[in-house]
Amino acid sequence: MSVFDQYIKDLEQELSQSKTQKRAEEIGYVEEVKDGVALIHGLDQAFFGEIVQFESGVKGTVIDLLPEMVGVIVLGDYLTIRSGEVVKATGNILSVPISDEILGRVVNPLGEVLDGGNQLKADVRYPVEKIAPGVVERKSVGVPVQTGIIAIDALTPIGRGQRQLIIGDRGTGKTTVAIDTILNQKNENMICIYCAIGQKNSKVTATIELLKARGAMEYTIVVNASAADPATLQYIAPYSACAIGEYFMDKGKDVLVIYDDLTKHAYAYREVSLILRRPAGREAYPGDVFYLHSRLLERAARLSDAKGGGSLTALPFIETQANDVSAYIPTNVISITDGQIFLESDLFNAGVRPAINVGLSVSRVGGAAQTKAMKQVAGRLKLDLAQYRSMAAFAQFESELDEETKKFLARGARATEILKQNKYAPYSLGEQAIMISAVTKGFLDELAMDKIPAFKEKLRDAFTTRGKKTVDTINAKKVIDEDTEKEIEKLIKDTIALV
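Here the structure is a predicted model, which is why all the values come from computation and not from measurement.

Caption draft 1: Summary view of the sheet that holds strand β6 (residues 86–93). Taken in spatial order, the 6 strands close into a barrel running β1-β2-β5-β4-β3-β6, and their pairing is antiparallel. Each adjacent strand pair in this sheet contributes to an overall mean axis angle of 45°, direction not counted. By the bridge criterion, 4 bridges tie strand β3 (residues 50–54) to β6 in an arrangement that is antiparallel. Considered in β6, the bridge of V52 is made with A89. Relative to the sheet, helix α5 (residues 231–249) contacts β2 (37–42), β4 (59–65) and β5 (69–75), its axis offset from that of β5 by approximately 85°.

Caption draft 2: Expanded view of the environment of I166. Along the chain, the position of I166 falls in strand β10 (residues 165–169). Along the chain, I166 and K186 lie 20 residues apart, while their C-alpha atoms are 22 Å from each other.

Caption draft 3: Molecular detail of the packing of helix α12 (residues 403–419) against helix α13 (residues 429–440). Interaxial distance between α12 and α13 falls to 9 Å at its minimum, and their mutual angle equals 165°. One element, α12, and the other, α13, form an angle in the roughly antiparallel class. α13 is crossed by α12, and the crossing has right-handed handedness. In contact with R411, R414, A415 and I418 of α12, α13 contributes M435, V439 and T440. Class assignment for the residues of the contact of α12 with α13 results in 4 nonpolar, 1 polar and 2 charged.

Caption draft 4: Structural detail: the pairing of β4. Within β4, 5 of the 7 residues are buried, which leaves the element mostly enclosed by the surrounding structure. Bridge count for β3 against β4 is 3 bridges, and the pairing is antiparallel. By the bridge assignment, I51 is partnered in β4 with T61. In this antiparallel pair of consecutive strands, β3 and β4, the connection spans 4 residues, and G57 shows a positive phi of 100°. Pairing geometry for β4 and β5, over 6 bridges, is antiparallel. Bridge pairing in β5 places K59 opposite L75. Connecting β4 to the next strand, β5, in antiparallel fashion are 3 residues.

What counts and how
Residues numbered from 1 in each chain as written. Predicted model: local features only at pLDDT ≥ 70, side-chain atom pairs only at ≥ 80, totals over all residues. Heavy atoms only, no water. Pairing = 2+ DSSP bridges. Helix = DSSP H or I, 4+ residues; strand = E, 2+ residues; numbered from the N terminus. Axes fitted to C-alpha atoms, helices over the stretch in contact; angles between N-to-C directions. Contact = heavy atoms within 4.5 Å. Parallel < 35°, antiparallel > 145°, perpendicular 65-115°, else oblique. Left-handed = near helix turned anticlockwise from the far one by under 90°. Nonpolar A, V, L, I, M, F, W, Y, C, P; charged D, E, K, R; others polar. Buried < 20%, exposed > 50% of the residue type's maximum accessible area, 1.4 Å probe, protein only.

Put into structure tokens, the structure is as follows:
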């Protein structure tokens, strides 16, 4: 064997023993970057939702696949990115790091801590975009989410796994409904996620401080993409919040996710889409703006027992302009959800709070999401209130009314007064049942209207003293038997006597 042959043999042996592995990287370069969106040449094999790494260290995710280039939304400071910069595809899909430690924390849509505490140790990463559970994996909605607000629990009940829209003008109390609902979950074994999209940081901070003061942050997670954050982060925020909720739902737990609000989410998506030069449709929104919200809200579900029996309830918020529920985004989300609670500015200004318009509010799950105790007392309350509102409008033009109509109007006025509720003061199921019984059973028909607020105060005091046993019984049994009904009657009559 010649020296050359020996050299070749030794080289082949060395190469065969080498642990060096070849690794191909897909690389592109930045064509242009503006307002948090980058257009990149190359990356021919990139897929939707893939994470890419910029040379400056910032990460992005693919949102647009064009013939010549890909559109990427930047997840960080886009001002550090320069035209011509090298971009590498990572092969990983956009996901959020989650563990049980996230309870009680404030995070951004990427799972990074915003409350000044230690960074989270992730047990698992959940994809931000995920296909919703199929029909076979679900079971019907039948367990209520007790909001603590009489007007909602009695008239438009929300079930675990439902998507219930909260809609109304700015300043009509939408966020107050959300906070009351979170406060009421203290003993309901439910994890709450409050997703703030495009809100002022001062408003979000005030909400967090209130939840801390009331001991509600123990079971609450806040996902914040504020007005100061780029539109790209506001676009991702609700999907990240939903992914965090799915982590707990997959563990068999009940989760409530509040999206405050999806109008600003649609604004953020419209901004991103216009930068990507997508064709604009009605109100300059892109053609897939319906899919934007439907693929998010479809992920709300109550899973079958085979899948662990967990649930994810969605409360999306939509802000209207001048009570116009027929605008583009409101009609889209109304058609996706299982009902809506409409908060009207005229009612709010008239002092009816929560300002729920009974006629326009509806729950498509209905009585299936109510306890037997609530069904027993609420009965025809919704229909009577809706009829009262329309009849009261005509009654002001009529000089002479028959006795039956006068009685109906009197009871309707008292029912409206009973449904008024102070903010951040939720009622338990037993307290609600007694309050509603007072008006539906006719106990307040003879009580003067100006004495109703005093009656409510006295009755609320009685719930913690002589009526505590009755309240606890209803809360435990979730049904009203004959003995409990007699106790309720005695409690109401004794309270009326004190007014």
